[in-house]
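Okay, here's what each chain looks like letter by letter:
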Amino acid sequence: MTPFAYSRAATPSEATGLGRDGASFIAGGTNLLDLMKLEIITPDRLVDISRLDLAAISETPEGGLRIGAMVRNSDLAADRKVCDSYPVLAEALLAGASAQLRNKATTGGNLLQRTRCYYFYDTAMPCNKRAPGSGCQAIGGATRLHAIFGASVHCIATHPSDMAVALRALDAEVEVEAPEGAIRRLPLSQFYVLPGDTPHIETVLAPGDLITAVILPPPQGGRQTYRKVRDRASYAFALVSVAGVVALKEGRIAHASLAFGGVAPQPWRNETVESMLHDRQPSAGLFAQAADALLADARPQKDNAFKISLLRRTLIAVLNELTDADQ
Amino acid sequence: MTSHIKMDERVERDRLAEMVQAVIGKPLDRPEGALKVSGAAPYAMDRLPANACHGVLVRATVSNGTLRDMDVDAVQALPGIRAIIADDRLLRNPAQGMAGEAPIQGPKDIAYFGQPIALVVAETFEQARHGAQALKLRFEADGTAIVAPDDPKADIETPEDEQDSTGDLDAAMQTARHTVDAHYTTPGHVSAAMEPHASIAEWNGDRLTLYGSYQMLRFNRAELADALGIEEKQVRILAPYVGGGFGSKLGIGPEAVAAALAAKALGVPVAVAMSRQQVFESVMRRSETDQHIRLAADEQGRLIGIGHEALVSNLPGEEFSEPVTQATPFLYQGDHRVIGHRIARVHRTCAGSVRAPGEAVGLTALEIALDELAAASGIDPVKLRLINIPQKDPSQDIPFSSHMLAEALEEGAKRFDWDRRRSEPGAVRDGEWLIGMGMASAARVNMLIESKARVTLNANGTGTVETDMTDIGTGTYTVLSQIAGEMLGLPMDSVETLLGDTAYPPASGSGGSFGAASNGTAVLLACEEIRQQLCERLDCDMQGLTLKDGHAIVGNRRIALPEILDGSRLVGEGHVEPGKAEETVRQATYGSYFAEVAVNAITGETRLRRMLGVFAAGRILNPKTARSQCLGGMTFGIGMALTEELIHDPRDGHIVNRDFAEYHLPVNADVPQIDVVLLDERDAWANPLQAKGIGELGICGAAASIVNAIYNATGIRIRDLPATLDKIIDGLQSRTD
């Protein structure tokens, strides 16, 4: 850990002012502190935002939900409105990390957690995400956990969040306050950027930009589920995960939104797949076609081709579950 | 006065059974339990002196080569840095268990990625850690290093004395009615002790005191002295509390030697604690194994031949190699036998003793093969094992000391409702889940190691046990107090056991499941010595002396111990050595495992539903601590079956999953209800306690019961552990799509 200055922000605008030029915000610190101890990141300044008044969950005028950036994962998962109207989010939260971590981790921090790529975590290894231009040692290395979508020849890491996958399926937006006080709302679909040749750039946030809230649109109705497949029953990152929201009308799929975790540098979504399902009757053939369409883009590494069949099977199981007339 | 015994023959007389205090064999709590759960038990780093400096080890970042240069000046200029120690006496890797001498030393020659090569010492831990991270190193790397045992260019040793062949197995395989011929592979494992390795070194003149986290102090003292080039008597090691060892703390480690060198150089105490990543890289791993197993059986399933040939790995120059086939020679019958053992020399983290070296992985593979034989022959897996239990050790034609495998199999089958198992795979389904049951035998060799202990009967009538034995979470404090309490007629709260200090008589140490039996015998003998002295004071013979509740009862007299002692104290020492009994009889512990799993028909995820272990290990000194040992072993068995795997980079061999987020031990949600049944047994050949080791028995074969249950659930045979879903999903595809 390198020496750093510490400031505690009393207001978001104070935080954004302090948060520029080599500074890092700290809230729950569940990922940041590990990264600092290992000197994977070495901020000059920590701006403590954990006491900002951003821990409320409230209804929006449109009938959606505004989730303050400081809302703890465990509180969000237990929120009555979330459990009733956005169960996919509650399930995703509870599938992540451990109870201790969820008690500390915040909504904003969860979105910004860093990859779990082995090579990112070892400062002796080249890594374009950690040390731009040094190379990607994961390629050709141990790649069982890595991406099958959206990777580049410069980086094949996955995004580890479960929560973000559910938010992606729910069409969430991220509210961001910039240093000069401007507040903007970004759809989550535009929040993350693919690695390309700049894997160290993971989001569109500029220095000093502070996530203040996550906004959920009004509930879509229909059924929701989050299915996470992993190597042990708890406290493991997703090998693949599927967040699904499906509404049926008169035996046809009126709406389907699907997001995928553990397979890409960001929560993955494929609108082509969803439009294939739209206004169609659920059937094994349809679901197989949807899976084919999703996986047509998959580019596995040496050790993770299994993710293709695993994602296929998991997606079909989720679609079956969400469209099963008996349930 | 010392009471001594060499175990040359069986000890018929069961002294503990003649005692009346009735604390032995009782499920008593740990006397130090409250200290541990309240944080009051001082582990190594809790002993930090106020003026201590902190050292952090620096690692090699090549797999093989030479350290040419390091930029010492730049780091020395950083705040708080006191020294950079790159002494030639630094250890390449920890000493192997019971080595009693230093392992290979010298930080310049790099043999594996992660090898400690220097120690950065600073006023605070954070400064030292930053200094270690900032230290720029220049290596001359040997790009041709072999880092994987299956590299065709790997140097493979075939030690002559570890090959054995009887009869003609090839011919038996040709003529046998039922055969199995397959390779089984297990990956590397780590011990995963909760407390990372840590040492605090403090010199007083030329005398060194080390607070450490070690399992075998008398050996560690010799190893540390040898590494530093000083006399053993100059070294004192204290390790009264050890947060788990599982083999990783058998031999002195790099952090202890580095702390001692730094403390000497700086003239202040120096503490060196390893990070979890450092423990993964620079302590000990269990070798990965490739096991070729051949079984030949007749029409009725009776084994006529067994072949078990293993390939393991270690660093160049290391004596230890995973004794994979240790239980194979005596577990089942069969006239035609082949035992093979080969060692690939690879530039990976040192391989050493991890959680029951040998049987943990070797018996697991053998018991999967037995299940394959059961499936091939249509014979029930329990019955197949029962009909193949030999009457004598078939490899040496010597009798067993005691042997309750049959009882363990039968008791387990009954308690687990084994007869409800459907023998055809894939027959039971619960929604998305395929349900199966599997079982396996347990076996582990039993050992006795030379051990001494001192017991004092104090003037106030309390007892004190002193030995440099360790309690690594196993319950040593408890069982030694029970033995002394039983022998001296003292309630538990009148006995204090002091451990983990080389100032006390040298013990076996904790390892190889031999601690309680070896050191417990020394305590029993020391108590016999005190009983003798009491008899002299009371003018009675040993037969006539009863000790209970702090009183001596002789004839119709009942006298409080302080009254007899009259202000003095009695001291007895006990000393046990192994003897001819080791060769006269085959000593081992046995048991059985039964497991029920659910395999997800869509994803291939396996979840254990219930598990039972039935074990026989001679007299059970304390059913509570013994049960905990078995629960821990079976939990590690779950890990071996389903989740645990050291992953090495294919290019430089370094361990990539170096923390508990990515090295998957079973978590609570992976561990369902586990039942442990301990059978009543005595083994008079083992020692006067008639107890055998139980610490490791619970892992020896446990994983096989789970893997065999996966087969029963799905028809998919896993021969490459762990049984992660990627190895199952393809097989499910062909069955369900």
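In what follows, the accompanying structure is described.

Parameters at a glance
- Residues numbered from 1 in each chain as written.
- Chains lettered and ligands numbered in written order.
- Predicted model: local features only at pLDDT ≥ 70, side-chain atom pairs only at ≥ 80, totals over all residues.
- Heavy atoms only, no water.
- Axes fitted to C-alpha atoms, helices over the stretch in contact; angles between N-to-C directions.
- Helix = DSSP H or I, 4+ residues; strand = E, 2+ residues; numbered from the N terminus.
- Left-handed = near helix turned anticlockwise from the far one by under 90°.
- Contact = heavy atoms within 4.5 Å.
- Nonpolar A, V, L, I, M, F, W, Y, C, P; charged D, E, K, R; others polar.
- Pairing = 2+ DSSP bridges.
- Expected span 1.5 Å × (residues − 1).
- Buried < 20%, exposed > 50% of the residue type's maximum accessible area, 1.4 Å probe, protein only.
- Buried area = accessible area lost by both parts, 1.4 Å probe.
- Salt bridge = Lys/Arg side-chain N within 4 Å of Asp/Glu carboxyl O.
- Polar contact = N/O pair within 3.5 Å; in protein donor to acceptor, adjacent residues only side chain to side chain.

1. Description of the packing of helix 10 (residues 359–377) of chain B against helix 18 (residues 702–714) of chain B
Residues and elements named next belong to chain B. At a closest axis distance of 8 Å, the pairing of helix 10 and helix 18 adopts a crossing angle of 35°. You can see that helix 10 and helix 18 cross each other, and the crossing is right-handed. Two secondary-structure elements touch here, helix 10 through Thr 364, Glu 367, Ile 368, Asp 371 and Ala 375 and helix 18 through Ala 702, Ala 703, Ala 704, Val 707, Asn 708 and Tyr 711. For the contact of helix 10 with helix 18, the class distribution of residues is seven nonpolar, two polar and two charged.

2. Thoughts on the sheet that holds strand 20 (residues 428–430) of chain B
Residues and elements named next belong to chain B. Taken together, five strands build an open sheet; the order of strands is 20-21-29-30-31 and the sheet is mixed. The sheet is open, and its two edges are formed by strand 20 and strand 31 (674–678), each paired on a single side. Taken over all neighbouring pairs, the strand axes of this sheet differ in orientation by 25° on average, direction set aside. Both strand 21 (residues 433–445) and strand 29 (residues 588–600) contribute to a ladder of 13 bridges, which runs antiparallel.

3. A word on helix 10 of chain B
Residue pairs three or four apart in sequence face the same way in an α-helix, which turns once every 3.6 residues. All names here are of chain B. Spanning 19 residues, helix 10 covers 25 Å between terminal C-alpha atoms, matching the ideal 27 Å at 1.5 Å per step. The buried fraction of helix 10 is high, at 17 of 19 residues. Downstream of helix 10 by a residue or two, Gly 378 has a phi angle that is positive, lying close to 75°.

4. Quick notes on the interface of chain A and chain B
Contacts between the two partners involve 39 residues from chain A, matched on the other side by 45 residues from chain B. Buried area between chain A and chain B, summed over both chains or domains, comes out near 3,300 Å², and the portion from carbon and sulfur atoms is 52%. If you sort the residues of chain A by the area they bury against chain B, Tyr 118, Arg 232 and Arg 313 of chain A come out on top, with a joint share of 23%. Here chain A and chain B share five salt bridges between them. Across the salt bridge formed by Arg 59 of chain B and Asp 122 of chain A, the nearest N and O atoms sit 2.3 Å from each other. There are 15 residue pairs in polar contact (both at pLDDT 80 or more) connecting chain A and chain B.

None of the figures reported here should be taken as evidence of function without further support.
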